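Structural overview for review
Chain by chain, the residues run as shown.
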Amino acid sequence: SQELEQSPQSLIVQEGKNLTINCTSSKTLYGLYWYKQKYGEGLIFLMMLQKGGEEKSHEKITAKLDEKKQQSSLHITASQPSHAGIYLCGADHTGGFKTIFGAGTRLFVKA
Amino acid sequence: GAVVSQHPSWVICKSGTSVKIECRSLDFQATTMFWYRQFPKQSLMLMATSNEGSKATYEQGVEKDKFLINHASLTLSTLTVTSAHPEDSSFYICSARQPGDTEAFFGQGTRLTVV
């Protein structure tokens, strides 16, 4: 969706390296979601952010929300091959929980 | 977390036939479900919002007569691709939310191939 820009489109990192994926919304955010998908499979919920300045972590994945800038970043520390996949940011722009998605970031982790 | 089940996981059909995909919330009631489609190497595109007991709300550009959505109960929404053509081949995914919950749970998706 053009309402949600994700970058980079793809990323190749060496195992053990850190990486960051960004998501920028052109509209006000009622909720920002991060999901992981392996191609041809369903989505795995990672995190949801709602409040400006909010930061959440799960294992080696941290997501932050800059509400003023309508941006979110997903940071993976010490990447592993198991982190490989497609990372999707989703946004609720209406407060009605209808989620639209960014184009996704394909992450490859080299062992 | 809550479980959303989609059936079938994959289906191959002949051009011109109709295909029904089911989305079930297994352990919660979902008044609203969402249907998405995903083309290879692309993101999820929202097709429609399925509301229990009422008509679905379709996104701009999605043919409502082509993609029939029925949300007959609080645990089941169906998407029927009518008169399917090869260009309808795609990955279809549904999601559902529990009332009052902010997290959406996704089904495992259905891969439709029209030959």
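Just so it is clear, the structure is predicted and the values come from calculations on it, not from any experiment.

The subject of this paragraph is the interface of chain B and chain A. Each partner contributes to the interface: chain B provides 21 residues, whereas chain A provides 20 residues. Between chain B and chain A lies a buried interface of about 1,700 Å² when both sides are counted; carbon and sulfur atoms form 56% of it. Measuring nitrogen to oxygen at the nearest pair gives 3.1 Å for the salt bridge that ties K98 of chain A to E59 of chain B. Counting the contacts that link chain B with chain A gives 7 residue pairs in polar contact (both at pLDDT 80 or more). When its residues are assigned to classes, the side of chain B that touches chain A shows 9 nonpolar, 6 polar and 6 charged.

Here we take up the packing of aromatic side chains. Taken as a whole and assessed by the stated rule, the structure comprises 9 aromatic pairs over all chains. Centre to centre, the rings of F67 of chain B and Y92 of chain B are 6.3 Å apart; their planes meet at 45°, and the pair counts as tilted. Separated by 25 residues along the polypeptide, F67 of chain B in strand β7 (residues 67–73) and Y92 of chain B in strand β9 (residues 90–97) bring together distant segments of the chain. A relative accessible area of 0% places Y92 of chain B in the buried class. Among the aromatic residues, those joined into a cluster by ring pairs are Y33, Y35, F45 and F101 of chain A together with Y36 and F106 of chain B.

Counting residues in hydrophobic clusters, the biggest one holds 27 residues, and the most contacted among them are F67 and L112 of chain B. Elements supplying a minimum of two residues to this core: β2 (10–13), β3 (19–25), β4 (32–38), β5 (44–51), β7, β8 (76–81), β9 and β11 (110–114) of chain B. In contact with F67 of chain B, not counting residues within four places along its chain, are R37, M47, Y58, V62, L79, T80, V81, D88 and Y92 of chain B. By size, the runner-up hydrophobic cluster in this structure holds 22 residues, among which are V13, L19, L107 and V109 of chain A.

Rules used in this analysis
Residues numbered from 1 in each chain as written. Chains lettered and ligands numbered in written order. Predicted model: local features only at pLDDT ≥ 70, side-chain atom pairs only at ≥ 80, totals over all residues. Heavy atoms only, no water. Contact = heavy atoms within 4.5 Å. Buried area = accessible area lost by both parts, 1.4 Å probe. Salt bridge = Lys/Arg side-chain N within 4 Å of Asp/Glu carboxyl O. Polar contact = N/O pair within 3.5 Å; in protein donor to acceptor, adjacent residues only side chain to side chain. Nonpolar A, V, L, I, M, F, W, Y, C, P; charged D, E, K, R; others polar. Phe/Tyr/Trp six-rings, centres within 6.5 Å; stacked < 30°, edge-to-face > 60°. Helix = DSSP H or I, 4+ residues; strand = E, 2+ residues; numbered from the N terminus. Buried < 20%, exposed > 50% of the residue type's maximum accessible area, 1.4 Å probe, protein only. Core = buried A, V, L, I, M, F, W, Y, C linked by side-chain atoms within 4.5 Å.

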